[in-house]
Amino acid sequence: MSKLPELCGHSDLQDRFRATAAAARLPQSLLLHGPDGIGKQRLALWIGALALCEAAPARRPCGECPACRMVGGLQHPDLHWFFPVGRPKGSHTSQKLRQLLEEARMEELAARRENPLRVPDDDPSAAIYLAMVDELRSRAVSRPAIGRNSVFVVGDAERMVPQASSPEAANAFLKLLEEPPADTLIILTSSRPGSLLPTIRSRVLAVRVTPADLETAAAWLERVAGLPPATARELARRAQGAVGAALRMAEGEAADVDAAWRFVRCAASGEPAQRFALAASFPPSGARGGFSRTLDRIEEVLRECITRTTRSVDFSWHQAPGDPASPLDELPVDRLISCMDHVEEARRAAAGNGNPQAIAAVLLARLARELRHAHPGGRNATAGRG
Ligand SMILES: [Zn+2]
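In short, a report on the structure.

About the criteria used
- Residues numbered from 1 in each chain as written.
- Predicted model: local features only at pLDDT ≥ 70, side-chain atom pairs only at ≥ 80, totals over all residues.
- Heavy atoms only, no water.
- Pairing = 2+ DSSP bridges.
- Helix = DSSP H or I, 4+ residues; strand = E, 2+ residues; numbered from the N terminus.
- Axes fitted to C-alpha atoms, helices over the stretch in contact; angles between N-to-C directions.
- Donors = N, O, S within 2.8 Å, 3.2 Å for Na, K, Ca; no water.
- Tetrahedral: all angles 85-135°; square planar, octahedral: opposite > 155°, others 65-115°.
- Phe/Tyr/Trp six-rings, centres within 6.5 Å; stacked < 30°, edge-to-face > 60°.
- Buried < 20%, exposed > 50% of the residue type's maximum accessible area, 1.4 Å probe, protein only.
- Core = buried A, V, L, I, M, F, W, Y, C linked by side-chain atoms within 4.5 Å.
- Contact = heavy atoms within 4.5 Å.
- Parallel < 35°, antiparallel > 145°, perpendicular 65-115°, else oblique.
- Left-handed = near helix turned anticlockwise from the far one by under 90°.
- Nonpolar A, V, L, I, M, F, W, Y, C, P; charged D, E, K, R; others polar.
- Salt bridge = Lys/Arg side-chain N within 4 Å of Asp/Glu carboxyl O.

1. Brief notes about the sheet that holds strand β5 (residues 205-208)
The parallel open sheet is built from five strands, whose spatial order is β2-β3-β4-β1-β5. In this open sheet, the two edge strands, each paired with only one partner strand, are β2 (79-82) and β5. Each strand axis lies, on average, 20° off the axis of its neighbour in the sheet, ignoring direction. Pairing analysis gives four bridges linking β2 to strand β3 (residues 150-154), with the strands arranged parallel. Residue pairing across strands places Leu79 opposite Val151, the latter belonging to β3.

2. With respect to the coordination of the zinc ion
Protein-derived ligands of the zinc ion are Cys53 (SG), Cys62 (SG), Cys65 (SG) and Cys68 (SG), with the metal-ligand distances lying across 2.3 Å. Every donor counted, the four donor atoms about the zinc ion form angles of 106 to 118° at the centre, which fits tetrahedral coordination. The sequence motif formed by the donor residues of the zinc ion is C-x8-C-x2-C-x2-C.

3. Overview of the packing of aromatic side chains
This model, assessed by the stated rule, comprises three aromatic pairs. Pairing Trp81 with Phe83 gives two aromatic rings, centres 5.7 Å apart and planes at 85°, and the pair type is edge-to-face. Here the two residues Trp81 and Phe83 agree in accessibility, since each one is buried. Ring geometry for Phe263 against Phe282: centres 6.1 Å apart, planes inclined by 70°, an arrangement best described as edge-to-face. Taken together, the positions of Phe263 in helix α10 (residues 243-269) and Phe282 in the loop between α11 (272-280) and α12 (287-311) put the pair 19 residues apart, joining distant regions of the chain. For the pair shown, Phe263 and Phe282 are each scored as buried. Site record: aromatic cluster; members linked through ring pairs are Phe263, Phe282 and Phe291.

4. Focus on the nonpolar core
One finds Phe17, Leu32, Ile47, Phe173, Ile187, Leu188 and Leu221 to be the most contacted residues of the largest nonpolar core, which totals 74 residues. The greatest single-element share of this core, amounting to nine residues, is contributed by helix α2 (residues 40-52). Leu221 has contacts with Gly226, Leu227, Ala232, Leu235, Ala236, Val243, Ala246 and Leu247, leaving out every residue within four places of it along the chain. Within the second largest apolar cluster, 31 residues are counted, among which are Leu278, Leu302, Cys305 and Val343.

5. Some words on the pairing of strand β1 (residues 29-33)
The buried fraction of β1 amounts to five of the five residues, a majority that puts the element mostly inside the structure. Alternating residues of β1 divide into Ser29, Leu31 and His33 and Leu30 and Leu32, and every residue in both groups is buried.

6. Some points on the packing of helix α1 (residues 11-22) against α2
At a closest axis distance of 11 Å, the pairing of α1 and α2 adopts a crossing angle of 25°. Judged by the angle between their axes, α1 and α2 are roughly parallel. Considering how the two elements wind past one another, α1 and α2 form a crossing that is right-handed. Residues Leu13, Gln14, Phe17, Arg18 and Ala21 of α1 pack against Leu43, Trp46, Ile47 and Leu50 of α2. Residue composition of the contact of α1 with α2, grouped by class: seven nonpolar, one polar and one charged.

7. Section: the pattern of salt bridges
Taken as a whole and assessed by the stated rule, the structure comprises 22 salt bridges. In this structure, Glu234 engages Arg237 in a salt bridge whose closest nitrogen and oxygen atoms are separated by 3.2 Å. Taken together, the residues Glu234 and Arg237, both in helix α9 (residues 229-238) and three residues apart, mark about one turn of the helix. Arg237 sits in the partly exposed class, given a relative accessible area of 48%. The shortest N-O distance in the salt bridge between Glu299 and Arg347 comes to 1.9 Å. Taken together, the positions of Glu299 in helix α12 and Arg347 in helix α13 (residues 333-351) put the pair 48 residues apart, joining distant regions of the chain. For Glu299, a relative accessible area of 14% puts it in the buried group. It is possible to trace a salt-bridge network through shared partners that takes in Arg98, Glu102, Arg105, Glu135 and Arg139.

Purely geometric numbers; function is a separate question.
If you want it as C-alpha cells, here you go:
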C-alpha cells in the first residue's frame, strides 16, 4: 500500500516517461520545472518508482512489487530524497553540520511518511547546503543497496544557489552531474529554474510540468485530501490547479477561521482583560493586509451564527477546550446583524489604514455590548446597550 498520495494530473508525462523507460532511454539527469505546488517532487518520486520497479518493463511502475511498495512508503534504500532544510543554529565543524543537516532531513522525511499530504513550513532560510550536497555525492558514488540503480530526487533545486555557502554547493553538485556514476538517476525539481546555475541547467534534460486542469485538481482535493466539494472547487480555482498550493491555502484558512471564532467568543464572554490581550495580539500596522482578511473571517463567523441560529442548530462543538465558556447559540438575529454592521465599520477603519490593535479593541467592545446584552447568560444582560 503506497502512503504517497496519488498523482494529480500529469498523465501525459507519465505515458512519455513510461515509454522512454521501457526503451531504456531514461536520461541520467532530469529537471522537472513548473509552477509551485503542482506535484513536481511527487512526479519525481513516481519516476523513481519507474526506475526501481522490479516488474516487467511494460508494467513499471507496478505499484505492487517490494521496490514499488518501499518507494510508496518512502523507505527504499536506493531512493534518496533531498530538499532544502533550515540551517542548524550555532557554528559547527563541517562534519557536525553534515550530520545535523542529515538528521533534519530524516526528521522531515519521517514527518512526510506520517502525513503524506504534509505541507512543509515555508522557511525562507531553508537551503540545500554544501554539507548536504556532500552527503548526496557520497551516496551517489556508492553502489545501490538492493536494486539495479539509485535515484536522487532534489526538490527546490534552485535553493542550492541563493543562500549562504551556495556557489560551492552548486559547484559540488555540478561535478556530480558532469560525471554521474553509472546506474544513477538524478531528478531535480524547481519552480524557479531561471535561478539555477546555467551550467547545471545545461547538463539536465528540462521537462516542463503543467498544473492539472481545474476539474482534475478539484476532484483530487475532494477525494485525496477530503475537502468538501465546494471548498475543493474554490481552492482548485484559486490555486489554478496547483493542489499543493491549494492545500497550503486550506491550512492557512483553517487557522484564520479558528482565530475568527476565538475573536467572537472572546467578545461574547471574555473578561475585559482578555479582550485587551486579544486586541494587543494584532500587529500595530498593516491594517489593509492580513487584518482585513481577519475581519472578513469574523464576518463569515457571524453570518454562520445567523444561519445556525435560524436553523436552531447547536454548535457548541466549535468551542475549543480551555476557552472561556461562550454558548453562541440562541443569539437574537437582530443583534448578530448589528454585529455585522460593527464589522463593516471596522473594515472602513482598516481601509483607512488605522491601527489594527485599536480597531480590534473597539470592535471587541462593540460586539461584547451586543452579544452580552443579548444573551440571557451574559454578564451584562441587564446593563443596557450603552
Ligand atoms: Zn513495481
